[in-house]
Amino acid sequence: MRKLNLYSQVRDIKNLRKAWGRVRLNATSSQSNSIKQQALEFDKEIDKHLSRIQTQLRTKKYKFKPAIGIAKEDKPGKKRPIVIACIEDRIVQRAILQTLQNISSLKSLIETPTSCGGIQERSVRYAVNMAHDKVLEDGTYFIRSDIQGFFTKIPKDIVLSEIKKHSPDDDFNELVRNSIEVILSNTNELGRDLKLFPTTDIGVAQGSCLSPLLGNILLHEFDKVLNSEDVLCLRYIDDFLLLGPSRKAVTAKLKKGNRILKELGLEAYDPQHNTDKAAHGESNRGIIFLGCDIRPNSITPMKASRTRLLEKVKNRLNRSKISLRASPIKGPLGEQSFVESLENVSHIVKAWGNQYQFCNNEQVMAQLDEKISQEIKEYISFYADQARKLESTDSLARRRLLGVHALVDSKKDPIVPTKKQSTF
């Protein structure tokens, strides 16, 4: 076999530039203004930054920096350990991912037809479509579950050993090992939450682009064993769905899957006892999978997702109401203004709608649209009341309330001291 110089592929400027394109897209789509701003500033001198990264990789002086750990509370008392690396590290990690994806002998491990997450062109739509087809065919019974604490329990050495079988490049293998090490810069701030993070030999960072690929490599055998002529096992990272012609057939597959997971130090939620994390039953009564309610000839965004959308719209408008209620005579309202708030709501609704574009329950969507329209109607009425209260005051206050920029609110850095000028 011809020796692959994978390390040089990572530092290739085309590969780094492609990696930056993806990192930039993710950063500018983030809900964090800080992450967006960092990416925009980094982009101003991107050629210089990429050249520096390339040189450090070429001279083997590139060092991954400590990341920031965030214990994100999804539910009261339930926190998820998110790791945010610096921009340079995210670029190198993405470049490594792109290199791994191009190793032909490794593709069979990371592109199993029934594995959907973390694989190009294997979106939620892909998984839901396969599930629905199986339901129509003979998938009359289902079991849905997910793997407990998946990313924090991935045994790194097992995955790295598997990668090494397909990579004869020692420098590359060492770079991969270093790229998935979790070292945090804010350990003191995390306090008790530090124990949630995978800072040992077990576990990978949730938030790293490499983690889904490592998970797919680890669970290749799981995917292979749980799929057969009569039973389909769809897996989206750590969520999986078994569909088959009978409860007996599907349950037998789950038992095999549990044995494989146990050997890897992993465990799936039991659908008999963890009803919030797993479920089982007849498919025609509905399957909740990847945010969708899947039934024969009907695919609908799940009720919890619809409720979250409506709450997100309400919260966004309520934040604006608080600012509008405080008279904006002294300065602009920024993102809480009337125009900005409506635009923000529009983006929220559009993003959610695009996420579920493959669903076909138009009646549910119409009902949700009606509820959102009612929230907007009430918001417009509230704005009108506040505007009327400002009719006798400075016209700039009403303009700021609306969200239209005023010249007096612009940044000022005059060359000579400001003095009164004649009007025109």
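Quick caveat, the model's predicted, so the values are computed rather than measured.

Peer 1: Explain the environment of Val 176 to me, using residue names and the numbers behind them.
Peer 2: Positionally, Val 176 belongs in helix α10 (residues 170–179). Owing to a relative accessible area of 2%, Val 176 belongs among the buried residues under this scheme. Beyond its immediate chain neighbours, meaning those up to four positions away, Val 176 contacts Ile 96, Leu 160 and Ile 163.

Peer 1: Quick rundown of the sheet that holds strand β4 (residues 232–236)? Include the residues and the values.
Peer 2: Spatially, β4-β5-β3-β6 is the arrangement adopted by the four strands of the open sheet, whose pairing is antiparallel. The open sheet terminates on both sides in strands that have one partner only, identified here as β4 and β6 (279–282). Adjacent strand axes in the sheet meet at a mean angle of 15° when their direction is disregarded. Of the pairings in the sheet, the one linking strand β3 (residues 141–146) to β6 comprises four bridges and is antiparallel in character. Residue pairing across strands places Ile 143 opposite His 280, the latter belonging to β6.

Peer 1: Give a detailed account of the side chain of Ser 283, specifying residues and quantitative values.
Peer 2: Relative to the helices and strands, Ser 283 is located in the loop between β6 and β7 (287–289). By relative accessible area, which is 2% here, Ser 283 ends up buried. Among the polar contacts listed, one links the side chain of Ser 283 to the backbone oxygen of Gly 139, at a separation of 2.6 Å. Contacts of Ser 283, omitting those with residues within four sequence positions, involve Val 135, Gly 139, Thr 140, Tyr 141, Phe 142, Leu 243, Ile 294 and Pro 296.

Peer 1: Outline unusual backbone geometry, supporting the account with residue identities and numerical values.
Peer 2: Unusually for a residue other than glycine, Lys 60 sits at a positive phi of about 60°. As for its position among the elements, Lys 60 is in the loop between α4 (46–58) and β1 (68–75). Positive phi, close to 60°, is recorded for Ile 237, a residue that is not glycine. Within the fold, Ile 237 resides in the loop between β4 and β5 (239–244). In this structure Ile 237 comes out as buried when scored by relative accessible area, which is 9%.

Reading the values: rules and limits
- Residues numbered from 1 in each chain as written.
- Predicted model: local features only at pLDDT ≥ 70, side-chain atom pairs only at ≥ 80, totals over all residues.
- Heavy atoms only, no water.
- Helix = DSSP H or I, 4+ residues; strand = E, 2+ residues; numbered from the N terminus.
- Buried < 20%, exposed > 50% of the residue type's maximum accessible area, 1.4 Å probe, protein only.
- Contact = heavy atoms within 4.5 Å.
- Pairing = 2+ DSSP bridges.
- Axes fitted to C-alpha atoms, helices over the stretch in contact; angles between N-to-C directions.
- Polar contact = N/O pair within 3.5 Å; in protein donor to acceptor, adjacent residues only side chain to side chain.

Any link to function would need more than the numbers given here.
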